[in-house]
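Breakdown of the fold
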Amino acid sequence: MDRALWLLMGLRLWGWLRRLGRSVGTVRGALLVAAGALVFLPWVVSWLLAPTPTGQYLAEVRRLGPLALAAYCLVQLVLTTEGAITFSAAEVNFLFPAPLSRRQVLAYKVLGTLGTSLLSTLLLTLFLRQYAVNMAAAAVGLLLAVMFMQLFQMALALLASSVGARAYSRRRKIVLAVLVLLAAVAVAPAVARTVGKGGEAMLAEVEASPVAQAVLAPFAWFVNAFTAERLWPDLVQWAGLGLLLNLALLVLVFTLDAHYLETSAAVSERAYARLERLRRGGPTTAALLGWGKARLSVPSLPHWGGVGPLAWRQLTTALRAPWALAVVVIVMGVFLVPSLAEGPRRATAALDTGLTITLFVAVAIFVPPLLPFDFRGDIDRMEVLKTLPVPSWRLVVGQLLTPVAFVSGLQLVFFGVLLALGGRIDALLLAGGAFVLPINSLLFELDNLLFLWFPTRQLSATPGDLQNMGRQIVLWMVKLLALWLVGGLAALAGFIAYLVGGGSAVAAGVVGWVVLAGFVVGLVPLLALAFRHFDVARDTP
Amino acid sequence: MSIVVEDYHKTYGDTVAVAGITFAVAPGEVLGLVGPNGAGKTTTLRALAGILTPTRGRLAIADHDLAREPVAAKAALAYVPDDPRLFDHLTVWEHLRFVAALYRTPDWQPEAETLLAQFELTEKRDALTSELSRGMRQKVAICCGYLHRPRAILLDEPLTGLDPRGIRTMKDSVRQRADGGAAVMVSSHLLSLVEDICTSVLILHRGRQLLHGKLADLRREVSEGGRQETLEELFFRLTEGAVRPEGDRGKADGGT
């Protein structure tokens, strides 16, 4: 590899360390790192010091490990439709027009990829050490397996760009069809012998067939290295075989290097655009990249003093990110499964209580990051928002209306389903439905308030970034504290109303609702103030 | 010739990005590459930089064929894209150090210092590029491009983000490099810039070569009813009026 590329690797590593060091140099940075370290480091130390028994489930690991690796390769083969090795935008700018051969650039990429996988391998070794017998063997086996997976992915990508995306897609389908056919022929006798004996027996029979043994053998080398009991001959033998396989893949990668630059440049450009979107609005807005056409449109909302157009814009964006909405529906739907399993007219009060709480908890934890259709997704549009002829408080309402309305609507549907399943008028579910709007408003208000006070881009973290971990922990703690405080005050007010009203649950609910709604309304001016104080020059991360 | 393009075609499936263009840029010449959006300007520059592979045709830099001798061709080349992306975690000086190593430039430090001073970056020498403004990052990319004294320079919208001082420095630097024997290609939508610093112009439209020639000759020979046209008038007449293949225009193409 060219010495300039070694220099670049060194400079980038040094630059990364320097940036971490600089960020720790500020009071806020140091505090955030401390918060991150307080949570992360004890976790790692407890892992290291815990008297975890080694060699657990050795037989299962040796049996299922090769299957998992084979499944990974199969998934890669199925999913890799437009293969390309991606480079960063700066790498494309500097390395592609530079006097370097394609192989030199490829070697840089391969080495860089394998180098960055070292840290993840180390963490993975700690995490999986109880399944191995020897720590050194576990580390070597995992490293070789990770290398294999990355080289396999690269080889597929280069194969795709070598033969062209269309031709690759056609040939891939043929190869897949042949593989499926061969697999069917190979396992048919084993399946026939075990009909009626259950899936476990069938899988064991298939695994024992000579074809499966032959196919899984290379994958087993990595797993055997991972679970090796002695360095010699076990580890040396299996790791040596794994290394040979990786070297063969490496040779394949370097022989497939023709004409990958153009595809890589195009794919890297798209990846960069995706990253930019991630930086702007998180994974949800990044998913919009695949939706080049405006497939869904929303009729204009009334003006409502400026609230309407703002809400319309966020609503349109949300509807064009169907993946995000689908994930929200799935996340919330998961919590309905126990009730659905109970069947109609069998839902119990206890189950309803649990579901009502979990629906709200699920929304609080999982949903806000998935629906950044408010200030959080507009981090690069704050300048535009500030120029709009709309009073700040109305702007806040317009910005937050879409996620609150969507989640509330969805929760109301779920509560309706639960009521229908129960076959009776359940007071708790009705109350849950009534509280949907104020609770969701409060959740999104708090998220946005914290964002406006401590603006941060989603997914701007790098591996091992303790400062980002610390920031997330602190923000979570503040959010939970605020929720407990407001919820506690509403509950207290409701309890007092319950006592004063002579044990009236309705009075308690109404007072609690009014208190919550008061906080929701009261937070709007605070959000408006935070928005007005947001300095785009200073606060945009 | 420092830059040679012969019958260059670039297609993506059924889409024709560039449909057979031919031109050359001599040492000391500054060629302005102009055309509406989607004309094929950036595609041509990226092909000359070795990033895109031509569907057909021959490209050469400093007498080295890009397909056969890519490393030798690229060693004589500098390419500054329209939106230069730098390594966020590296300082300005580290970028120059890396580029010097990349192009095997001996004793690069004095030249780097000169470039930093010329582009008013001396104070930013140890700043991370992620901390720089858009214009400053553009200047860093230009310094990186100039450091190894390339014989062929490709600049895609080089004035984007530059302040008035930066624009003047940029224009002066282009003239200096051309005077020093470099062949320069400048792609820009700013026709005034092209008129100001270019000695010749190539107008592309929908991947086709509409016009190529010395600016002075073009003004004299391709004019409306004998009236001297500005480049802007010429541009709009050609790209928005009846488009004829360049071969039909005969003498207008006197450049290559």
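Residues numbered from 1 in each chain as written. Chains lettered and ligands numbered in written order. Predicted model: local features only at pLDDT ≥ 70, side-chain atom pairs only at ≥ 80, totals over all residues.

Quick look at the overall build of chain A
Worth spelling out the cut-off: Every helix listed is a DSSP run of H or I at least four residues long, and every strand listed is a run of E at least two residues long, numbered separately from the N terminus. Residue burial is a threshold on neighbouring C-beta atoms within 10 Å of the residue's own C-beta, all placed from the backbone, with 20 or more meaning buried, 12 or fewer meaning exposed, and counts in between meaning partly exposed. We call two residues in contact when the distance between their C-beta atoms, placed using the backbone, is within 7 Å.
The helix and strand inventory of chain A stands at 21 helices and 0 strands. The burial tally for chain A puts 32% of its 541 residues in the buried class. Long-range pairs, those at least 24 residues apart, make up 79% of the contacts in chain A between residues at least 6 apart in sequence.

Some points on the interface of chain A and chain B
The condition is simple: Each residue is assigned to one of three groups, with Ala, Val, Leu, Ile, Met, Phe, Trp, Tyr, Cys and Pro labelled nonpolar, Asp, Glu, Lys and Arg labelled charged, and all others, Gly among them, labelled polar.
On the chain B side, the residues contacting the 22 residues of chain A number 22 residues. Mapped by element, the contributors of at least two residues to the side of chain A that touches chain B are α1 (3–24), α4 (89–95) and α11 (260–287) of chain A. Here the element with the most residues in the side of chain A that touches chain B is α1 of chain A; it accounts for 9 residues. Among the residues forming the side of chain A that touches chain B, the class breakdown is 14 nonpolar, 4 polar and 4 charged.

Some details on helix α5 (residues 102–128) of chain A
Residues and elements named next belong to chain A. For clarity, the threshold we go by: Each residue after the first adds 1.5 Å to the expected span of a helix. The bend at a residue is defined as the angle formed between two axes, one fitted to the seven residues ending at that residue and one fitted to the seven starting there.
A rise of 1.5 Å per residue sets the reference length of α5, with its 27 residues, at 39 Å; its end C-alpha atoms lie 37 Å apart and thus fit the reference within 8%. The sharpest bend along α5 comes to roughly 30 degrees, located at Leu118. Of the residues making up α5, those classed as buried are Val105, Leu106, Tyr108, Lys109, Val110, Thr121 and Thr125.

Side note on the packing of α1 of chain A against helix α3 (residues 92–102) of chain B
For clarity, the cut-off: Where helices are involved, their axes are fitted lines through C-alpha atoms of the stretch in contact, as for all axes, and angles between N-to-C directions lie from 0 to 180°. Just so you know how the angles are binned, under 35 degrees is roughly parallel, over 145 roughly antiparallel, 65 to 115 roughly perpendicular, and the rest oblique. Here is the rule for handedness: rotate from the far helix to the near one, and if that takes an anticlockwise turn smaller than a right angle the crossing is left-handed, while a clockwise turn gives right-handed.
Two elements in contact, α1 of chain A and α3 of chain B, have axes whose closest approach is 8 Å; the angle formed by their N-to-C orientations is 160 degrees. If you check the angle between α1 of chain A and α3 of chain B, you find them roughly antiparallel. Where α1 of chain A crosses over α3 of chain B, the handedness of that crossing is left-handed. Between α1 of chain A and α3 of chain B, the contacting residues are Arg3, Ala4, Leu7, Leu8 and Leu11 of chain A on the first element and Glu94, Phe98, Ala101 and Leu102 of chain B on the second.

What to know about the sheet that holds strand β1 (residues 3–12) of chain B
All names here are of chain B. Heads up, the rule is: Strand pairing is assigned whenever DSSP identifies at least 2 bridges connecting the two strands.
In space, the 4 strands of this open sheet follow the order β2-β1-β4-β5, with antiparallel pairing throughout. Both edges of this open sheet fall to β2 (15–25) and β5 (64–65), since each of them pairs with a single strand only. Of the strand pairs in this sheet, β1 and β2 are connected by 8 bridges, and their pairing is antiparallel. Looking at the pairing, Ile3 lines up with Val25 of β2.

Focus on the confidence of the model for chain A
All names here are of chain A. Quick reminder of the rule: A score from 0 to 100, pLDDT tells how confident the predictor is in each residue.
Per-residue confidence for chain A averages 79 on the pLDDT scale, and 82% of its residues sit at or above 70. Mean pLDDT across the elements of chain A bottoms out in helix α14 (residues 337–342) (60) and peaks in helix α20 (residues 505–533) (92). Low pLDDT, under 50, characterises residues 288–292; the predicted model gives this stretch 7 contacts beyond four residues in sequence or across chains. Here residues 459–464 is modelled with pLDDT under 50, and outside its nearest four sequence neighbours on either side it reaches 8 contacts, counting other chains as well.

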